[in-house]
Amino acid sequence: MKHLKQQHGGKREGAGRKLEYNEPTKVLRVPESRVLDIKEYLKKNKNEIEINHIRQVDPVTHIAIPLASERVQAGFPSPAQDYVEQTLDLNEHLIKNPAATFIVRVNSLSMLGIGIDINDELIVDRSLDAKHRDIVIALIDNDFTVKRLMIEGDQHWLKAENPDFDDIHFDEGQELIIWGVVTRVLKNFR
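Residues numbered from 1 in each chain as written. Predicted model: local features only at pLDDT ≥ 70, side-chain atom pairs only at ≥ 80, totals over all residues. Heavy atoms only, no water.

*Asks:* Would you mind going over the pattern of salt bridges with me for this structure?
*Replies:* Enumeration over the complete set of coordinates arrives at 3 salt bridges. The shortest N-O distance in the salt bridge between E121 and R105 comes to 3.2 Å. Of the two residues, E121 sits in strand β5 (residues 121–125) while R105 sits in strand β4 (residues 101–105), which places them 16 residues apart along the sequence. Note that E161 and R148 form a salt bridge whose closest N and O atoms lie 2.6 Å from each other. Taken as a pair, E161 in the loop between β8 (155–159) and β9 (176–186) and R148 in strand β7 (residues 143–152) lie far apart in primary sequence, 13 residues in all. (Salt bridge = Lys/Arg side-chain N within 4 Å of Asp/Glu carboxyl O. Helix = DSSP H or I, 4+ residues; strand = E, 2+ residues; numbered from the N terminus.)

*Asks:* I'm lost on a negative patch on the surface in this one. Help?
*Replies:* On the surface, a cluster of negative charge is made up of D141, D143, D171 and E172. Residue D141 is classed as exposed on the basis of its relative accessible area of 53%. (Patch = residues over 30% accessible without salt bridge, like charges linked within 9 Å, V, L, I, M, F, W, Y side chains within 5 Å. Areas by Shrake-Rupley, 256 points an atom, 1.4 Å probe, with all protein chains shown as cover. Lys, Arg positive; Asp, Glu negative; His and termini not counted. Charge placed at Lys NZ, Arg CZ, Asp CG, Glu CD. Buried < 20%, exposed > 50% of the residue type's maximum accessible area, 1.4 Å probe, protein only.)

*Asks:* Looking at this structure, how should I read a nonpolar patch on the surface?
*Replies:* A surface patch of nonpolar side chains, about 300 Å² in accessible area, is lined by L109, L112, I118 and F165. Tracing the chain through its elements places F165 in the loop between β8 and β9.

*Asks:* Before we go on, may I ask you to explain the environment of D125 in this structure?
*Replies:* When you line up the elements, D125 lands in strand β5. Accessibility expressed as a relative area gives 4% for D125, which makes it buried. Filtering out sequence-adjacent residues up to four positions away, D125 remains in contact with N97, A100, T101, G180, V181 and T183. For D125, the side chain forms a polar contact with the side chain of S127, separated by 2.6 Å. (Contact = heavy atoms within 4.5 Å. Polar contact = N/O pair within 3.5 Å; in protein donor to acceptor, adjacent residues only side chain to side chain.)

*Asks:* Is there a simple way to explain the confidence of the model for the chain in this structure?
*Replies:* Low pLDDT means the predicted coordinates in that region are not meant to be read closely. Residues at a pLDDT of 70 or more form 66% of the chain, whose mean pLDDT is 77. Under a pLDDT of 50 for its full length, residues 47–59 has, in the predicted model, 14 contacts with residues more than four places off or in other chains. (pLDDT = per-residue confidence, 0-100.)

Dropping the structure here:
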């Protein structure tokens, strides 16, 4: 393999903000309950503004979930504590860079050895540089895969974490594109 390429975004046909007014735009956040009122106000007072371009943006949620101060034993249980010392917002806990974070669903058993199963959801951060032994989403010959990135000297390959699947080694000139680094696995137990 000639080189490891990490791709972070890039220009795509039709993507990005439209420069309809030939000037930069700004995002404006408004309460959901007021979107229609604001559109109506602008329609009455600013005839020259095209109202159809104001879209309701899904709000970022902040849900404070109680975080118990006592750790849970994996062996024999300890006496339970009935108080909560602090709270935890899962968005802040699981996602470090929201603009570069995506969730992808797994469609293979190649990583079963480390607990990643079909239909598990992976939190992928595209802003991170992939390092040796990271779990990555890689693009190989226009197909996505999830594997462990292995780097030894100038050699790179993708390791399956299931003995029923082969590791992926690259031929001369074949390109490996790291699409993102997996930071978390969301798994249902029920």
